[in-house]
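As a plain string of letters, each chain reads:
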Amino acid sequence: MKKQRNTALRAATAALTLAIAASIAPTAAAAPHVPFTIAAGSLRIGLSPSGTVTSLLDTANGHDYASSDHQQPLIKLVADGGQQLPTALSFDPSSSTYTFTFGAKGIKVGVKVTSKSGYATLEVTGVNAPKGVDVQTLLWGPITTTINQTVGETVGVVRDNDFAIGIHGLNDKSVGGWPDEFDNLTYTDGPAKTDASIRGWAFGWFSAAPTTWGSILQAYTYDYTKTRHRYVGWGGNEPDVAVPPLSGDDAVIKGSKIALFGSAPGNVLGTLSGIETGEGLIHTKIDGEWEKTSQGASQSFLVLDDLSTGNAAKASEYARKAGIRTVYSLPNAVGPWQSTGHYQFNSQFGSSDAGAAGLARTAAANGVSVGVHTLANAIDNNDPYVQPVPAKGLATQGSVKLTRPLDDSSDTVYVDGDTVFKGGNGDAIRIGDELLEYDAVTKVDGSANEYQVTLKNRGGWGTTAAAYPAGADLARMQWYAYSQFDAGMTMLPEIAGRLAQIFNTTGIKSMSFDGLETATLAGYGTFGTNKLVNGMYRQIKDTDNFISEASNLLPGTWDATARVSWGEGLHGTPWSQVIGHQAYYQRNYMSDMMGWVVYNNSDTVLDQERLLSQMAAWNAGAGLQTSVGALNSSGNTAGVLEAWKQWEAARNAHAFTDAQMTAMKDTNSYWHLENTVPGKEWNLYNVDYQKDALSAPNDGRPTDWTYTNTHQAQPLQFKLLASKGSVTNPSFTVGGKTVTYPVTVPKGATLVTDGTGTAKVYDHTQHVLNTVTAQGSATLAAGDQTISYRATGPAGSSAQIRIITYSTPQKVSAPVTIDAPAATSPGTATTVTTTYTNHGTTTLKDLRLNLAAPKGWTAVATSRNKFPNVKPGQTVTATWTVTPPGDATLGGYSLPVQATYQGPQFSSEAIAQITLAAPSPTATATEPNVFLNHGPSDPGQ
C-alpha cells in the first residue's frame, strides 16, 4: 500500500509541478539559496547564482539527489586550452534563456530552456567571446548525483528503486560523454571504471558513469571552426591528431542541445520515447511497438556464410521452418560486398542492387527478410575510394612536409618531423595521389628537425608513383585492424547515403555496423559515429521493422540502434563473456542478445537445445550461424530447426516462468522442450546429460560405473560414441537386467537410444546409418546404482558413453496466443483471434493486444483490445478482421501480436505464419469439375 500511495503522490505532484513551473521562472524569493530552477519532468534542477547545480529534487517526495560534496556547474567551457567555470548566471523570462558569464575570459553563453511533458530541453543559443579568445568545447556538467544503484552509461540514465535522472543528446554534435583529451581537466574524484563488461572502453563514450559516491551525467559539443587536436583512439595506441575544420552547424557550439529529465524508474522508457517523438529523433517500431519495448527487437536471425541468389529460396525455407524471420549474409568479416566503402554487392548477391533486390524478393516469398553485414566506414584496399586515385577525405593520423624533393623511384624521403610516425596503427602513407608505405625513421645527423624516412611499395594499392617537390605534404593514413583504410569525416555522409540507398531500393531490412569504432578514427570522436549511423537512418524511407545492430553502442546512436548482439561463436567468444553482456544491455534498456551461436552439421538437437535454453533463460535472441551447405548436408536439420521454432515461440511469448528461467541460467544444465499444443503449450524437461563421458574398452570384459540418477526411474537412454575403433554388440546391465544392441557401430559414429527399445546409429553429420531393435531392457532407478557395460571391438578400441535422463515434465503455457488461417488470398478478409491469459499471481494493469499487420494490409479490431485489469487466471480475447490488399504479392507473411501492460520492458509476442495464395478456381455448370473424385477406376489414379 505504501508503494501505491507513493506512485499516486508522484503522479499528482509531478503534474502540479509541471503546471506551476512551465515558465521556468526563477524562484529567488522562495528559496534564496536556489535562485534558479529548471523543471524537467519530475525533476527540479536548482542552480546557484554562478550556474552551479545545487539540487536535483524529486518533486514527488522532496528527496534531493544532488551530490552536495561534488557540485559542478550546469555548463563549463574549455577556452584557450583551460577549463573555464561560470561566475554569474542571469535569466530572461521573455525568451526563457539563461546567460552564463565566464568572468575570467569575458565569455557569455546563452542557454534556452523549455519544459515539456516529462522533460526539459536545453539549447545553446549563442557563444560570445572577446576577440582572440578561443572557445574550444562546451561541457554539459558533469551533473553529479548520489544515485549509483543502476547506471546506464550509454543511455545516460541513473536510477535507484525510487527515482531516475537522465540526459539525452538531441542532435549529432551534442555528444554524450567527455572528451578523452580533457581527462586532465576533470575533477579528481571522478568516475570509477570498474565494470568488467565494458572495461577498456573509452570513458569519453559514456553519458553516465558510476563514482565511489554516486554517479555523473555528461555531454559535450566541440567547436570545429578551426583545426583541433583530438585523441581519436579506442585501443590506447593512437596519438592525438590534428583534425581539419568543419563548416556550417557542425562546426559551431551554437545549437548544442540536450534533454534532461527525472521520473519514476518505471516511467523512464515512456519519457525516452516521448523525447524521441517530441524532438523529431529516430523512433523505429518493430512489429508495431517501439523497438526498445518490442519483443520483436530480440528476434533471432539465420546467419549464413553462403547466402546467394542461387540458394535464397532454400535459405528462407530453412528460416521459416525454424520460425526465424531474417536470413543474414555474413560470407566473411565484411559482408556480401565487392569492397567496403562503395558497398557494391558481390556475385553472391547478383553483383548489383537489382540482383540484391531479386534475392530479397525470393526470400520474401517465404515470409523472410534479408540482412547484410557491413564494416562501417572501413575502406577496403581495392575500393574506388583507394585506387587508382585515393579520395581526399580518407582519414589520416597527421602529416609532415617534405624538406627535399622526391623523385618517382626513390626509396628515401626527408621530412620536417617524426611525431606523426609515433604510435598509431599501420605504415601506410600518402604523398599527393600516391599511396605507399614507410619503414625506418631516423633523424638526419646535424639537423635540428629533419628526418630520413625509408619508403617501400611505391605506387601501392593501385596508385601511381610520382615526383614531389619540397614542401609537399606526407600524411600517415589511419589504418583499421583489418588492414583497411578509414573514411574521414567528410566521407561519412556519402557512405551513409549509399547504405540508405541500398535499404531504400533492395528490400533488405536489417544490417550491422561492425567495426563501428572506425568512425572515431575520423578524428571527431563519436560525433563522426553519430553522423554515419544517424545520417544513414534519417535517409531510410521506411524504418518500420528495420533492425540495426552495431559492434558498439553509443549515447548518440542509442535511438537508431535496435540492439547490440556481442559474441562470435566461430571466433571462440567465451560463453561467460556473452552472458556477462546481458547486464550491460539491461541497464541500458536494450534487448538481451547472445551474439552468434554456431550450428555445425555434426550438432545434435540436444546440443542446440542447450544454447536455446540459455537464450530462453535471459529472453535473448541470437544469430544461428551456419551455412546452407551445412543445413543441406546434416541428417538432423529438420530436428534442429524444429527445436529453434519451438524454443523461440515459447521465449517470445514469455511462456517460461521466472523459476524456470532461473533454473535454465545454470550454464551446465541441459533442457528439452516438447510442443504439445502448437504455439500454445509445451512440456519442459530438465536433462541430466553427463558433461564428462564414461570411457570403456571394447575387450569383451565388463566395465562398471556407479551412476546417480537425479530424476525419476526411467528406461535406460544413452549416447555411445565409437571413439577409438568400432563397437560391436554393446550391452548394459542395470539392476540385474541386461539390454543388448546387436549392431556394429563404425569408428566415429554414435549409437543413440531413446528408451523405446530401438536405437539408431548416426554418422558424424547425423545421418542414420542403421536402426536396431534392442534385445532385453534395462531401467534406471532413482538414485545410486551400478551400470555394467560390455562390448567387443578391434584391439585397443574403446567407447565414450553418456547416460541421459529426463525429469518429469514441467508445463509451459504461452500467455499470448494468435489463431489465424494458414492461408488466404489477396483482397480476402479473414478473422484473427488473439488472447492473453494471466498465468501470474497479480492483476495486470492496462493490458493491450496489438496486432501488427504486414505493410499495406489492414487489421481492424472487431472487439475491445484494451483491458484495464486482467486478474490472475483470467483470459481476455480480441478479434480482428485482417485484409491483404487485392494486389498483394503472393507468398509467406508473418502476423505478430504483442501484449503490453504496466511493468515489464518488453511485450510478449505470438506470431502466426500465413501464406497468401491465388484464390482457388470455382467449378461452373459448363466446365468439368477437375476436383471431383472419379474413384479408383479412373486412369488418372
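These numbers come from a predicted model, not from an experiment. (Residues numbered from 1 in each chain as written. Predicted model: local features only at pLDDT ≥ 70, side-chain atom pairs only at ≥ 80, totals over all residues. Heavy atoms only, no water.)

## Some remarks on the packing of helix α5 (residues 492–506) against helix α6 (residues 526–539)
One can describe the packing of α5 onto α6 by two numbers: an axis separation of 8 Å at closest approach and a directional angle of 30°. Between α5 and α6, the angle falls in the class roughly parallel. The two elements α5 and α6 cross, and the hand of that crossing is right-handed. Taken together, the residues of α6 that come into contact with α5 (itself represented by Leu492, Pro493, Ile495, Ala496, Gly497, Leu499, Ala500, Phe503 and Asn504) are Gly528, Lys531, Leu532, Gly535, Met536 and Gln539. (Axes fitted to C-alpha atoms, helices over the stretch in contact; angles between N-to-C directions. Helix = DSSP H or I, 4+ residues; strand = E, 2+ residues; numbered from the N terminus. Parallel < 35°, antiparallel > 145°, perpendicular 65-115°, else oblique. Left-handed = near helix turned anticlockwise from the far one by under 90°. Contact = heavy atoms within 4.5 Å.)

## Looking at the sheet that holds strand β56 (residues 816–819)
Strand order in the open sheet formed by four strands is β56-β58-β62-β60, with antiparallel pairing between adjacent strands. Looking at which strands have only one partner, the edges of the open sheet turn out to be β56 and β60 (858–861). Strand-to-strand twist across the sheet, computed as the mean angle between neighbouring axes with direction ignored, equals 25°. The pairing of strand β58 (residues 830–837) with strand β62 (residues 875–883) spans eight bridges and is antiparallel. Bridging from a neighbouring strand, Thr835 pairs with Thr877 of β62. (Pairing = 2+ DSSP bridges.)

## Notes on the nonpolar core
Membership of the largest hydrophobic core comes to 156 residues, with the highest contact counts inside it found for Phe485, Phe503, Phe513, Met536, Trp647 and Phe656. Here the element with the most residues in this core is α5; it accounts for seven residues. Sequence-distant contacts of Phe485, defined by excluding residues within four places in its chain, comprise Asn377, Ala378, Ile379, Asn381, Val386, Leu394, Ala428, Leu435, Trp461, Met477, Gln478 and Trp479. Among the nonpolar cores identified, the runner-up in size contains 42 residues, and Ile45, Tyr65, Val135 and Phe163 belong to it. (Core = buried A, V, L, I, M, F, W, Y, C linked by side-chain atoms within 4.5 Å. Buried < 20%, exposed > 50% of the residue type's maximum accessible area, 1.4 Å probe, protein only.)

## Description of α6
In this model, α6 (14 residues) spans 20 Å end to end at C-alpha, consistent with the 20 Å of a helix rising 1.5 Å per residue. Most of α6 is tucked away: eleven of the 14 residues are buried. Taken residue by residue, α6 has Thr526, Phe527, Gly528, Thr529, Asn530, Leu532, Val533, Asn534, Gly535, Met536 and Tyr537 as its buried positions. On its buried face, α6 is in contact with β14 (175–176), α5, β35 (510–513) and β36 (547–550). (Expected span 1.5 Å × (residues − 1).)

## Regarding the UniProt feature "domain: Alpha-galactosidase NEW3" (unreviewed entry) in the protein chain
As annotated in UniProt, the feature "domain: Alpha-galactosidase NEW3" (unreviewed entry) corresponds to residues 825–902 in the numbering used here. Taken end to end, residues 825–902 has its terminal C-alpha atoms 37 Å apart, with 0% of it in helix and 56% in strand. (UniProt positions renumbered as here; feature names shortened; annotations may be inferred.)

## Concerning the side chain of Thr830
When you line up the elements, Thr830 lands in strand β58. Ignoring sequence-local partners within four residues, the contact set of Thr830 consists of Pro821, Thr824, Trp880, Thr881 and Val882.

## Concerning the sheet that holds strand β2 (residues 43–47)
Across the sheet, three strands lie side by side as β1-β2-β3; this open sheet has antiparallel pairing. What marks the edges here is a single partner per strand, and that holds for β1 (36–40) and β3 (53–58). Averaged over all pairs of adjacent strands, the angle between strand axes in this sheet comes to 20°, irrespective of strand direction. Bridge count between β1 and β2: five bridges; the pairing is antiparallel. Paired with Ala40 across the two strands is Leu43, which belongs to β2.

## Some details on unusual backbone geometry
The residue after Gly141, namely Pro142, is reached through a cis peptide bond having omega 5°. As for its placement among the helices and strands, Pro142 is situated in strand β10 (residues 135–145). Here Gln387 and Pro388 are connected by a cis peptide whose omega angle stands at 5°. Considering the arrangement of structural elements, one finds Pro388 in the loop between β27 (378–379) and β28 (396–401). Positive phi outside glycine occurs at Ser351, with the angle close to 60°. You can see Ser351 is positioned in the loop between β25 (344–345) and α4 (353–364). Relative accessible area serves as the criterion here: at 42%, Ser351 is assigned to the partly exposed category. You will see that Tyr589, though not glycine, has its phi angle at about 60°, which is positive. By the element assignment, Tyr589 lies in the loop between α7 (575–587) and β37 (593–598). Classification of Tyr589 as buried rests on a relative accessible area of 6%.

## Describing the packing of α4 against α5
It is at 9 Å that the axes of α4 and α5 come closest, and there the two elements cross at 45°. Taken together, α4 and α5 sit at an angle that is classed as oblique. By crossing handedness, the relation of α4 to α5 is classed as right-handed. Contacts between α4 and α5 involve Asp353, Ala356, Ala357 and Ala360 from the first element and Arg498, Gln501, Thr505 and Thr506 from the second. Of the residues belonging to the contact of α4 with α5, the class tally is three nonpolar, three polar and two charged. (Nonpolar A, V, L, I, M, F, W, Y, C, P; charged D, E, K, R; others polar.)

## Remarks on the pattern of salt bridges
Applying the stated criterion across every chain yields a total of 31 salt bridges. The salt bridge involving Lys257 is made with Glu279; its shortest N-O contact spans 3.6 Å. Residue Lys257 is found in strand β19 (residues 257–263), and its partner Glu279 is found in the loop between α2 (268–278) and β20 (285–286); the two are separated by 22 residues along the sequence. Residues Lys257 and Glu279 agree in their burial class; the two are buried. A salt bridge links Glu317 to Lys321; the shortest N-O distance between them is 3.1 Å. (Salt bridge = Lys/Arg side-chain N within 4 Å of Asp/Glu carboxyl O.)

## A short note on the pairing of β37
Extensive coverage of β37 is indicated by the burial of six of its six residues. Here β37 pairs with strand β38 (residues 621–626) via four bridges, running parallel. Residue pairing in the sheet places Met593 in a bridge with Gly621 of β38. With respect to chirality, the unit in which β37 leads through helix α8 (residues 605–618) into the neighbouring parallel β38 is right-handed. (Right-handed = clockwise from strand over helix to strand, strands pointing away.)

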